[in-house]
Amino acid sequence: MCSSDLDDLAACTRCDAGTRGDGAIARTSDVHCVACGMGEYSSASGSTACISCLEGKFAASTGLAACSTCTIGQWQSETGQASCTQCVAGRFGKASVARTSVAHCESCAHGSIAVSEGLTACEPCELGTYADLGVAKSSADHCKPCTAGKYQDEIAFVEVCKTCTTGRFQPTTIKATSCTQCSCACSTAGEYISTDCTFSTDRVCSAIPVVGGVSGKAYYTEDAAAVVPADAATVTF
């Protein structure tokens, strides 16, 4: 801008970076310098035009001397934009892919989730869970807790949790990472193992019933197939 119509540039003040000289406005004051709009910039002073931001970049406010680059997890495929688009839930921004198209956003691998937009990585399913491929990776429900009798003790893509080994059990459905050793014997005198250990339940002990009205010898067995003397009365529970 100049204080008169003189063409002597040395006597004029250049418009600042982030603005442009508007030919329709008199060059007698700084009103001649108009701020660049959102989505554009001017990097040099004395500019007569603003430049649109390129793909993958944006200018969120007016009067900027440079555009900002979309962060990882965001992209922009058009020029002259004021913002970037976030990768949707279930996808993440891949740093090695340009942020100039939706191709920047890659789907989470099976067994991992991204429940929010604009993420830079997916979270693997936790210990004690498995991947339910019928549920989208944008939902925390993609990772399901192991069911009773099962566990998962390592971070890995699995569709089924590990089954407890024989002699061990796991009764819960709350992200179990191990199974518990089955009880070896009843802890109280006068009890017997009435139900054996399963993958989801421990052995169950019950009081030994009182047997009356039996003459001779009575042999108590927990196993109906047990061999007892031929002359004995047998009561099996």
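Note that this is a predicted model, so its numbers are computed, not measured. (Residues numbered from 1 in each chain as written. Predicted model: local features only at pLDDT ≥ 70, side-chain atom pairs only at ≥ 80, totals over all residues. Heavy atoms only, no water.)

1. Some points on the overall build of the protein chain
A tally of helices and strands in the protein chain yields zero helices and 22 strands. Across the 237 residues of the protein chain, 26% fall into the buried class. Of the contacts made within the protein chain by residues no fewer than 6 positions apart, 43% connect residues no fewer than 24 positions apart. When the accessible surface of the protein chain is totalled, it reaches about 13900 Å², and 53% of it is carbon and sulfur. (Helix = DSSP H or I, 4+ residues; strand = E, 2+ residues; numbered from the N terminus. Buried < 20%, exposed > 50% of the residue type's maximum accessible area, 1.4 Å probe, protein only. Contact = heavy atoms within 4.5 Å. Areas by Shrake-Rupley, 256 points an atom, 1.4 Å probe, with all protein chains shown as cover.)

2. Thoughts on unusual backbone geometry
Phi at Lys175 takes a positive value of approximately 50 degrees, unusual for a residue other than glycine. Topologically, Lys175 is positioned in the loop between β17 (168-169) and β18 (180-181).

3. Focus: the environment of Val158
Residue position: Val158 is located in the loop between β15 (150-151) and β16 (162-163). For the pair Val158 and Asp132, spaced 26 residues apart in sequence, the C-alpha to C-alpha distance is 8.8 Å. The contact partners of Val158, leaving out residues within four places of it in the chain, are Thr129, Tyr130, Ala131 and Gln152.

4. Points about the confidence of the model for the protein chain
When pLDDT is averaged across the protein chain, the result is 87; 84% of the residues are at 70 or more. With pLDDT under 50 throughout, residues 226-237 is counted as low confidence; its partners more than four residues away or in other chains account for 26 contacts. (pLDDT = per-residue confidence, 0-100.)

5. Some details on the state of the cysteines
One pass over the structure, following the stated rule, counts 11 disulfides. Here Cys53 is linked by a disulfide to Cys67, with a sulfur-sulfur distance of 2.0 Å. Disulfide Cys53-Cys67: the torsion about the S-S bond is -85 degrees, which places it as left-handed. Here Cys67 lies in the loop between β5 (57-58) and β6 (68-69) and Cys53 lies in the loop between β4 (51-52) and β5, a separation of 14 residues in the sequence. You can call Cys53 buried: its relative accessible area is 0%. Note on cysteine connectivity: Cys186 is disulfide-linked to Cys205, with sulfurs 2.1 Å apart. Classification of the bridge connecting Cys186 and Cys205 rests on its S-S torsion, roughly -100 degrees, and on that basis the disulfide is left-handed. Of this pair, Cys186 sits in the loop between β18 and β19 (191-195) while Cys205 sits in strand β20 (residues 204-207), placing them 19 residues apart in sequence. Residue classification places Cys186 among the partly exposed residues on the basis of a relative accessible area of 21%. (Disulfide = S-S within 2.5 Å.)

6. Remarks on the pattern of salt bridges
Using the criterion set out here, one finds six salt bridges in the structure. Note that Glu106 and Lys94 form a salt bridge whose closest N and O atoms lie 3.2 Å from each other. Remark: Lys94 occurs in the loop between β9 (91-93) and β10 (105-107) and Glu106 occurs in strand β10; sequence separation between them is 12 residues. On the basis of relative accessibility, which here comes to 30%, the residue Lys94 falls in the partly exposed class. Close ionic contact of Lys144 with Asp132 constitutes a salt bridge, the shortest N to O distance being 3.0 Å. Here Lys144, found in strand β14 (residues 143-145), pairs with Asp132, found in the loop between β13 (129-131) and β14; they are 12 residues apart in sequence, far enough to count as distant. Take Lys144: its relative accessible area is 23%, and that puts it in the partly exposed class. (Salt bridge = Lys/Arg side-chain N within 4 Å of Asp/Glu carboxyl O.)

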